[in-house]
Amino acid sequence: MEALLKETLNTSTLKRTGQGGGGCINQGEAFITDTGTYFVKSNGKSKARIMFDGEMASLLAIAATNTVRVPKPVKVLTNPKGGSSIVLEYLEMKGVRKYSRRLGHELAKLHQHNITLGVQARKLENTVTKPPQVTTSEEVSAEDGGPPKYVTQFGFHTSTCCGYIPQENAWSDDWLTFFAQQRLQHQFNLLEKDYGDRDALGLWSQLQLKIPRFFRDVTIEPSLLHGDLWGGNAAEISSGPVVFDPASFYGHHEYELAIAGMFGGFTASFYEAYHSHFPRKEGFDSRHKLYQLFHYLNHWNHFGSGYKSSSMSVMRSLLKGDY
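Residues numbered from 1 in each chain as written. Predicted model: local features only at pLDDT ≥ 70, side-chain atom pairs only at ≥ 80, totals over all residues. Heavy atoms only, no water.

Within an unreviewed UniProt entry, the label attached to the protein chain reads protein-ribulosamine 3-kinase, and the organism entered is Thrips palmi. Here is the UniProt Sequence similarities (unreviewed entry) comment for the protein chain, exactly as written: "Belongs to the fructosamine kinase family." (UniProt positions renumbered as here; feature names shortened; annotations may be inferred.)

Next comes the structure, spelled out in structure tokens:
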């Protein structure tokens, strides 16, 4: 692997710094090279390439908006001994403190970016030169280095992983359909396959019929999302906040705050700043809980039935209107 890194980074020097990272899914390590320090994140599983390709696409898409800082991705590599790695710019990061409010503003600007492109597109609808209506992977990809194009649908041009489970990102014109089928139904399909839990499936059969009630009088436009923004995926450097480990797609901006509220790590100033751009609309609390359901289910599928009780509790609460 070291030989592959030297070739990729065009360096004769490759020195481990002893600074690691990663977590329960990936392993990370920083390396000093002839041209600077890089962070390499690795996973030995056979489908790790899907995860890291999705992460690279997500980082490129977020970076192209010029709203919130992300580590610059360099390349995704296939490890000679199995699995895959992603090579990233190394940033000296620490927990978010000084820049908490700024992070809230910048996250809102990320979510507003595509909506603003849509406003501009509609203003030009009657002109001779119309802006492209983006729905295909080739058009929406930020890999060409060009400016982001207006995206009219919900989804993403490639698979991304929230954890190590690939997410369904096929384009859809309707957010409710996308979220119910490609987020929640996908998780329940995995639960049925691995656990055959009839209690959970029974509650889901009731809840899916009532999902539209949580979105009455709510207009939803696609926003580019980080997709997995919990406290462990945000930090700060000397110049400002940073977000990393994204699992991006275009979705409802409220979705982003679901996992942020589950595990802490974000201050009141962060939320105040964010909601100064996107004020809470009627029904926000119920939608927030509905979006959290995805993450409880995703944790159940990742880490086992310890997350069953939380998942069941959220579904019962939503069915009762107890939120």
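Engineer: Explanation requested: the overall build of the protein chain in the structure shown.
Structural biologist: Per the secondary structure count, the protein chain includes ten helices and eleven strands. Over its C-alpha trace the protein chain gives a radius of gyration of 20 Å, about what one expects of a compact globule, namely 20 Å for 323 residues. Out of the 323 residues belonging to the protein chain, those deemed buried represent 52%. About 15,100 Å² of surface is accessible on the protein chain, with carbon and sulfur atoms providing 49% of the total. Computing the positive centroid from 34 side-chain charges and the negative centroid from 32, the protein chain places the two 3 Å apart. (Helix = DSSP H or I, 4+ residues; strand = E, 2+ residues; numbered from the N terminus. Rg over C-alpha atoms; globule rule 2.2 N^0.38 Å. Buried < 20%, exposed > 50% of the residue type's maximum accessible area, 1.4 Å probe, protein only. Areas by Shrake-Rupley, 256 points an atom, 1.4 Å probe, with all protein chains shown as cover. Lys, Arg positive; Asp, Glu negative; His and termini not counted. Charge placed at Lys NZ, Arg CZ, Asp CG, Glu CD.)

Engineer: Honestly, the pattern of salt bridges in this entry has me stumped. Any pointers?
Structural biologist: Close approach of charged atoms lets side chains of opposite charge pair. Overall, the coordinates contain twelve salt bridges when judged by the stated rule. Its salt-bridge partner being Arg 16, residue Glu 2 comes within 3.0 Å of it at the nearest N-O pair. Highlighted residues: Glu 2 in helix α1 (residues 2-9) and Arg 16 in strand β1 (residues 14-22), separated in sequence by 14 residues. Of the charged contacts in the structure, one is a salt bridge between Arg 49 and Asp 53, with a shortest N-O distance of 3.2 Å. Linking Arg 49 with Asp 53, this pair stays in helix α2 (residues 48-64), spanning four residues, or about one helical turn. Looking at Asp 53, the relative accessible area reads 31%, which means it is partly exposed. (Salt bridge = Lys/Arg side-chain N within 4 Å of Asp/Glu carboxyl O.)

Engineer: Just checking my understanding: could you explain the packing of helix α6 (residues 198-210) against helix α10 (residues 308-320) for this structure?
Structural biologist: If you want to describe how two helices pack, look at the angle between their axes and the distance between the axes. Where α6 contacts α10, the axes come no closer than 10 Å and their chain directions differ by 35°. Considering how the two elements wind past one another, α6 and α10 form a crossing that is left-handed. Packed against α6, whose contacting residues are Asp 199, Ala 200, Leu 203, Trp 204, Gln 206, Leu 207 and Lys 210, the element α10 presents Lys 308, Met 312, Met 315, Arg 316, Leu 318 and Leu 319 at the interface. Its residues assigned to classes, the contact of α6 with α10 shows eight nonpolar, one polar and four charged. (Axes fitted to C-alpha atoms, helices over the stretch in contact; angles between N-to-C directions. Left-handed = near helix turned anticlockwise from the far one by under 90°. Contact = heavy atoms within 4.5 Å. Nonpolar A, V, L, I, M, F, W, Y, C, P; charged D, E, K, R; others polar.)

Engineer: For this particular structure, what's the right way to read the pairing of strand β5 (residues 84-89)?
Structural biologist: Two faces make up the sheet, and in a regular strand the side chains alternate between them. Of all six residues in β5, six are buried, a share of seventy percent or more. As defined by bridge partners, strand β4 (residues 73-78) adjoins β5 across five bridges and the pair is classed as antiparallel. Bridging from a neighbouring strand, Lys 75 pairs with Val 87 of β5. Where β4 hands over to β5, the hairpin turn is made up of five residues, of which Gly 82 adopts a positive phi near 110°. (Pairing = 2+ DSSP bridges.)

Engineer: Help me understand the nonpolar core, please; the structure alone is not making it clear to me.
Structural biologist: What tends to happen in soluble globular proteins is that the nonpolar side chains get buried as a cluster. In terms of nonpolar packing, the biggest core is built from 75 residues, with Trp 175, Leu 184, Leu 207, Leu 290 and Met 315 touching the most fellow members. Residue contributions to this core reach at least three from each of two domains, namely domain 1 (1-89) and domain 2 (94-320). The residues touching Leu 184, leaving out its near neighbours within four places in the chain, are Phe 179, Trp 204, Ile 211, Leu 290, Leu 293, Phe 294 and Leu 297. Counting residues in hydrophobic clusters, the runner-up holds eight residues, among them Phe 31, Tyr 38, Leu 77 and Val 87. (Core = buried A, V, L, I, M, F, W, Y, C linked by side-chain atoms within 4.5 Å. Domains from an automatic or database assignment.)

Engineer: I would appreciate a short explanation of the environment of Arg 102 in the present structure.
Structural biologist: Looking at the element boundaries, Arg 102 is found in helix α3 (residues 100-123). Distance in space between the C-alpha atoms of Arg 102 and Thr 177 is 33 Å, their sequence separation being 75 residues.

Engineer: Looking at this model, I keep getting lost on the packing of helix α5 (residues 175-194) against α6. Mind explaining?
Structural biologist: At a closest axis distance of 10 Å, the pairing of α5 and α6 adopts a crossing angle of 160°. Between α5 and α6, the angle falls in the class roughly antiparallel. Both α5 and α6 take part in a crossing whose hand is left-handed. Contacts between α5 and α6 involve Ala 180, Leu 184, Gln 185, Phe 188 and Glu 192 from the former and Ala 200, Leu 201, Trp 204 and Gln 208 from the latter. Classifying every residue of the contact of α5 with α6 gives six nonpolar, two polar and one charged. (Parallel < 35°, antiparallel > 145°, perpendicular 65-115°, else oblique.)

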